[in-house]
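A structural walkthrough
Chain residues, written in single-letter form:
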Amino acid sequence: MERAEVGSRRGRAGEIPGPDDVASALARIAPYRRRTPVFPVEVAGRQLVLKLEHLQLSGSFKLRGALNALLASPGATEVVTASGGNHGLGVAVAARLLSRRATIFVPEDAPDSKAARIVAAGAELVRAGGTYSEAVEAALDRVERRGGRYLPAYDDPLVVAGQGTVAAEVAQDAPQVDAIVVAVGGGGLAAGSALGGGGRKVVAVEPERCCSFHDALVAGRPVDAPTDSVAASALGATRVGEVPFAVLSAGSAESVLVSDEEMLAARDALFEELRLAVEPASAAGYAAWLAGRVEAELPCVVLCGANTEWVPS
Ligand SMILES: Cc1ncc(COP(=O)(O)O)c(C=O)c1O
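Residues numbered from 1 in each chain as written. Predicted model: local features only at pLDDT ≥ 70, side-chain atom pairs only at ≥ 80, totals over all residues.

**Re unusual backbone geometry**
Keep this limit in mind: Any residue with 12 or fewer other C-beta atoms within 10 Å of its own C-beta is exposed, any with 20 or more is buried, and the rest are partly exposed; the C-beta atoms used are placed from the backbone.
The residue A44 is not glycine, and still its phi comes out positive at about 50°. Non-glycine residue S58 carries a positive phi angle of around 80°. We classify S58 as buried; it has 29 C-beta atoms within 10 Å.

**Observations concerning the domain arrangement of the protein**
Put simply, the test is: The split of the chain into domains comes from an automatic or database domain assignment. Throughout, a residue-residue contact means that the two C-beta atoms, derived from backbone geometry, are no farther apart than 7 Å. In this count, Pro and Cys sit with the nonpolar residues alongside Ala, Val, Leu, Ile, Met, Phe, Trp and Tyr, while Asp, Glu, Lys and Arg are called charged and the others, Gly among them, polar.
The domain boundaries assigned to the protein delineate domain 1 (24-61 + 157-302) and domain 2 (77-147). When each unit is reduced to the centre of its C-alpha atoms, the spacing between domain 1 and domain 2 is 24 Å. Counting from both sides, the interface comprises seven residues of domain 1 and, opposite them, six residues of domain 2. In terms of residue class, the side of domain 1 that touches domain 2 is built from three nonpolar, four polar and no charged.

**Considering helix 9 (residues 212-219)**
Keep this limit in mind: Only DSSP runs of H or I covering at least 4 residues are called helices, and only runs of E covering at least 2 are called strands; the numbering of each starts at the N terminus.
Among all positions of helix 9, only S212, F213, H214 and A216 are buried. On its buried face, helix 9 is in contact with helix 8 (188-196), strand 8 (201-207), helix 11 (242-250) and strand 9 (253-258). One or two residues past the end of helix 9 sits G220, with phi positive at roughly 80°.

**Topic: helix 12 (residues 260-274)**
Each α-helix winds once per 3.6 residues, and so residues spaced three or four apart point in a common direction. Basically, it comes down to this: The span one expects for a helix is its residue count, reduced by one, times 1.5 Å. Throughout, the arc means the angular range of directions from the helix axis out to the C-beta atoms.
Compared with an ideal rise of 1.5 Å per residue, which puts 15 residues at 21 Å, helix 12 spans 21 Å between its outermost C-alpha atoms and is within 8% of the ideal. When we look at burial in helix 12, the residues that qualify are E262, M263, A266, R267 and L270. The arc enclosing the buried residues of helix 12, seen along the axis, measures out at 140°, which places them on a common side. Along helix 12, the residues that are exposed and aim more than 90 degrees away from the buried face are E261, D268, F271 and E272.

**Thoughts on the site of the ligand**
Let me state the cut-off plainly: All residues are tested the same way: a C-beta atom is placed from the backbone, and lying within 6 Å of a molecule or strand makes the residue near it.
Taken together, the neighbourhood of the ligand is formed by 24 residues, with N86, G185, G188, A234 and G305 sitting nearest. Secondary-structure elements contributing two or more residues to the shell around the ligand are helix 3 (86-97), helix 8 and helix 10 (232-235). Both domain 1 (24-61 + 157-302) and domain 2 (77-147) contribute no fewer than three residues apiece to the shell around the ligand.

**As for the pairing of strand 1 (residues 38-43)**
We apply this condition: Two strands are counted as paired when DSSP detects at least two bridges linking them.
One ladder, built from six bridges, connects strand 1 with strand 2 (residues 46-51); its direction is antiparallel. Bridging from a neighbouring strand, V43 pairs with R46 of strand 2. As consecutive antiparallel partners, strand 1 and strand 2 are separated by two residues, and within that stretch A44 has a phi angle of approximately 50°, a positive value.

**Describing the pairing of strand 10 (residues 299-302)**
Neither face of strand 10 is left uncovered, since the one carrying P299 and V301 and the one carrying C300 and V302 both have all their residues buried. Inspection of the sheet shows strand 2 paired to strand 10 by three bridges, in the parallel sense. The residue of strand 10 that forms the bridge with V49 is C300. As paired strands, strand 7 (residues 179-183) and strand 10 are joined by three bridges and run parallel to one another. In the strand pairing of strand 10, A179 is matched with P299.

**Section: the sheet that holds strand 6 (residues 149-150)**
The following threshold applies: Axis definition: a line fitted to C-alpha atoms, over the contacting stretch in the case of helices. Angles run 0 to 180 degrees between N-to-C directions.
Here four strands make up an open sheet; going across it, the order is 5-4-3-6 and the pairing parallel. Unpaired on one side and paired on the other, strand 5 (124-127) and strand 6 mark the two borders of the sheet. Here five bridges tie strand 3 (residues 78-82) to strand 4 (residues 101-106), and the two strands are oriented parallel to one another. Within strand 4, the residue paired with V80 across the bridge is T103. Sheet strands touched by helix 3: strand 3 and strand 4. Its angle to strand 4, the strand with the most contacts, is close to 165°. Contacting strand 3, strand 4 and strand 6, helix 5 (residues 132-146) crosses the sheet at an angle of about 160° to strand 3.

Structure below.
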């Protein structure tokens, strides 16, 4: 769960990335990331393209931002972050690929299943604090005492540029697509898509009661938002990041909301109809498209994560 990360200690808020930063990121991470496929499908007589990013190494797009930030910071032999979710795993796998040390702080009650994946990726796992914010504070204290690069989950220009490589690949591999549909937590993927998508519209999808970007648009600035959703472990940023919001509010991102029920039904439909197994957050965009809330001729829905439990019967 990546909660609010505002503040200069946590990232490089203030530096706003541009399309060139996504192009640089794509070249930088190319030897390490999987080039995930685009998959044109017809569902109930309607056409769409799916970007199968849930097949990314580490199980989500989060690897891309972590790779980009680490490759652009060659002196940072140790990377530290706080996240028991996809960001923590993405950082752990990126660090292993680049032979760096990773220390991932998680709250004391973080689920063992997620912690086990982080440890299996070779990172040091530290349980600290009763909440995500306390785990962040512990991680920041570690960096202040021992050094290393604290890697934010979304409020960082290099992380945003790295996430934008998903959309850059869509633009290359499915140029006929006219909109890119993504799920939003702290806004890194959406902001990166706005930069990397070659001017295509970005549809930013959030759960109804967990919508930091929607609430920021209404307020005209990032504000605290509730995080009540079955997808809160992935999309539950209390506040959209300053860097993502600066990018998104300057561009043409459209905010769309879905209910938890729609998201879960979409996740089930992806498996039943297409045999694609994703986590609930990853089905948010598909839910918006099924509900007719995506206005585009041929959208690309990014399936962004597959870190779900596998329980064979
Ligand atoms: C599967 C999945 N989708 C989307 C997001 C949202 O990403 P961002 O925080 O960059 O908006 C996350 C964040 O962890 C995620 O895990």
